[in-house]
Amino acid sequence: MPELIVCPPLSRARGGAEHGWALAADDGRTLLSHGSAPLALLPAGNDVTLLVPGAALSWHAVALPPGNLGGAARLRSVLDGLLEDRLLDEPESLHFALEPGAKPGATVWVAASQRIDLRAAVQALESAGRRVTRIVPEFAPQPADAPAMLFATGEPASAQLTVCDANGVATLPLSPASLALVGAPLDTAVASAEPAVAAQAEALLGQRLPIVQTPERWLQAARSPWDLAQFDLASSGRARAGKKFGAVLQALRHAPQWRAARWGAAVLVLAQLVGLNAWAWKERNALEAKRAAINAILVQTFPSVKVVLDAPLQMASEVAALQQATGGVATLDLEPMLAALGASLPPGRVPTAIDYSAGQLRLRGLNLSATETGALTNTMSGRGYTARSEGDLLLVQAEAKR
């Protein structure tokens, strides 16, 4: 299923308000469609990623104290104390989110946004039946070893230049004065522009710029490791685990660095399938050869058998018939059957009536208990006979040989 990226309006999100959206393919890089619509008319998507506009966030670098910071409540109180003097609003009214991989004793970035507005955007989506799996910023600071990112956005009358580098995120008017304030080296920066301000940005920067539409930039932001769903907006443990598993699965399926592993896995599966089919073909041929040999022995030994249906059963039947014709004693004859029964019956048990017909022996008057019948059945089975009780009647016959 594709991923749905939703960008709410800067004002408090409501179900009837227009929300910008972009639909990404399974690889997370291909833009399928985009537009704006009320929440009820948004297209379907497997995962809903909420994108927070850059103007709704402020960025602060703080040095976390070393040692164990405890749980989320303890960490939140630590951030309140560190940021209290830097904020225009009360810390209680803001939502904080730490950068991915933040550790105690290190300087980390903290994203701050209005808690009520962000919560309202999440609740509006959930009320419309859309579960938010991630919350990502439109712009985010870059690692120290990464080049600066420059984004020219907006309309010609209100064009803006957003700079994302190791010093944070800064949004300035697209003008020569703002360019002079940019601390990032322009020769190594990665710049792009929206179509409406592309000519203006190229004239200012003195170079040709890639044209990137707003929805395409949202796809790029959705692939960042940032997730603002922290503290009171954090998902449950099960949801986080499912989200992490989904992210890993998506990376395994589509990430370029896993292409060799995907090909290797496909080749391995194909080799296993070919090997299993070859092994099954070999075993099937060996079984057919054994069956043909048994059939040939039957036909050669008993030429009267013209059609082979069940070679072992037919051979046993022919041997029994030959024994009867030559006066030999077979297991289904009365004498060996009585001998086996006499050696297996409990002492002192003598039948009052005996009837033998067509290889089946019937005895009455033994009065065997259930335990004795079970023991007799096991003993007779070891001698090649089946014995079962039907009321006061004991039935004995030779087991069919396979």
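In case you missed it, the structure is sitting above this.
Definitions and limits used
Residues numbered from 1 in each chain as written. Predicted model: local features only at pLDDT ≥ 70, side-chain atom pairs only at ≥ 80, totals over all residues. Heavy atoms only, no water. Pairing = 2+ DSSP bridges. Helix = DSSP H or I, 4+ residues; strand = E, 2+ residues; numbered from the N terminus. Axes fitted to C-alpha atoms, helices over the stretch in contact; angles between N-to-C directions. Buried < 20%, exposed > 50% of the residue type's maximum accessible area, 1.4 Å probe, protein only. Salt bridge = Lys/Arg side-chain N within 4 Å of Asp/Glu carboxyl O. Phe/Tyr/Trp six-rings, centres within 6.5 Å; stacked < 30°, edge-to-face > 60°. Contact = heavy atoms within 4.5 Å. Core = buried A, V, L, I, M, F, W, Y, C linked by side-chain atoms within 4.5 Å. Parallel < 35°, antiparallel > 145°, perpendicular 65-115°, else oblique. Left-handed = near helix turned anticlockwise from the far one by under 90°.

Caption draft 1: Fine view of the sheet that holds strand S10 (residues 160-165). The sheet built from four strands is open, its strands ordered S11-S10-S9-S12 with mixed pairing. Edge positions in the open sheet fall to strand S11 (168-173) and strand S12 (190-193), since each of these has one partner strand only. Ignoring strand direction, the axes of neighbouring strands in this sheet form an average angle of 15°. In terms of strand pairing, strand S9 (residues 149-153) meets S12 through four bridges, oriented parallel. Paired with phenylalanine 151 across the strands is serine 192, a residue of S12.

Caption draft 2: Highlighting the pairing of strand S15 (residues 385-390). Relative to strand S16 (residues 393-398), S15 is paired through six bridges, and the arrangement is antiparallel. Bridge pairing links serine 389 to leucine 394 in S16. The turn linking S15 back onto S16 is made up of two residues, and glycine 391 within it adopts a positive phi angle of 70°.

Caption draft 3: Just unusual backbone geometry, in detail. For phenylalanine 231, which is not glycine, the phi torsion reads 55° and is therefore positive. Relative to the elements of secondary structure, phenylalanine 231 occurs in the loop between helix H5 (214-222) and helix H6 (237-254). With a relative accessible area of 18%, phenylalanine 231 lands in the buried category. With phi around 50°, asparagine 367 is a residue other than glycine that occupies positive phi space. Relative to the assigned elements, asparagine 367 resides in the loop between strand S14 (360-364) and helix H10 (370-382).

Caption draft 4: Examining the pattern of salt bridges more closely. All told, the structure shown has 11 salt bridges when counted by the stated rule. Here arginine 217 makes a salt bridge to glutamate 194, at a shortest N to O gap of 2.6 Å. With arginine 217 in helix H5 and glutamate 194 in the loop between S12 and helix H4 (198-205), this residue pair connects regions lying 23 residues apart in the sequence. With respect to class, arginine 217 is no different from glutamate 194; both count as buried. Here glutamate 372 ties to arginine 349 by a salt bridge, and the two come within 3.2 Å at their closest N and O atoms. Taken together, the residues span a long stretch of sequence, with glutamate 372 in helix H10 and arginine 349 in the loop between helix H9 (334-344) and strand S13 (353-357) at a distance of 23 residues. Assessed through its relative accessible area of 27%, arginine 349 is described here as partly exposed. Residues participating in the shared-partner salt-bridge network are Arg115, Arg119 and Asp232.

Caption draft 5: Region of interest: the packing of aromatic side chains. Counted by the stated rule, this structure contains two aromatic pairs. Plain terms: the ring middles of tryptophan 59 and tryptophan 226 are 5.1 Å apart, the flat faces sit at 80° to each other, and that makes the pair edge-to-face. Of the two residues, tryptophan 59 sits in strand S5 (residues 58-63) while tryptophan 226 sits in the loop between H5 and H6, which places them 167 residues apart along the sequence. Here the two residues tryptophan 59 and tryptophan 226 agree in accessibility, since each one is buried. With centroids separated by 5.3 Å and ring planes inclined at 50°, the aromatic side chains of phenylalanine 139 and phenylalanine 151 adopt a geometry described as tilted. Here phenylalanine 151 lies in strand S9 and phenylalanine 139 lies in the loop between strand S8 (132-137) and S9, a separation of 12 residues in the sequence. Taken individually, phenylalanine 139 and phenylalanine 151 each receive the classification buried, so the pair is uniform in this respect.

Caption draft 6: Molecular detail of the environment of leucine 228. Within the secondary structure layout, leucine 228 lies in the loop between H5 and H6. Here leucine 228 falls in the buried class, since its relative accessible area comes to 1%. Along the sequence, leucine 228 and asparagine 295 sit 67 residues apart, while their C-alpha atoms lie 75 Å from each other. Ignoring anything within four residues of it in the chain, the contact list for leucine 228 reads Val52, Leu57, His95, Ala97, Ala111, Ile135, Val136 and Pro137.

Caption draft 7: Quick peek at the nonpolar core. Counting residues in hydrophobic clusters, the biggest one holds 27 residues, and the most contacted among them are Leu42, Leu50, Leu125, Ile135 and Leu228. Ranked by size, the runner-up nonpolar core spans 17 residues in total, among them Ala152, Val163, Leu179 and Val197.

Caption draft 8: Fine view of the packing of H9 against H10. The geometry of H9 relative to H10 is characterised by a closest axis approach of 10 Å and an angle of 135° between their N-to-C directions. If you check the angle between H9 and H10, you find them oblique. The handedness of the crossing between H9 and H10 is right-handed. Residue-level inspection shows Ala340, Leu341 and Ser344 of H9 in contact with H10, the latter providing Leu376, Thr379 and Met380.

Caption draft 9: Geometry of the environment of valine 299. Topologically, valine 299 is positioned in helix H7 (residues 259-301). Sequence separation of valine 299 and glutamate 288 is 11 residues, and the distance between their C-alpha atoms is 16 Å. The contact partners of valine 299, leaving out residues within four places of it in the chain, are Val305 and Val308.

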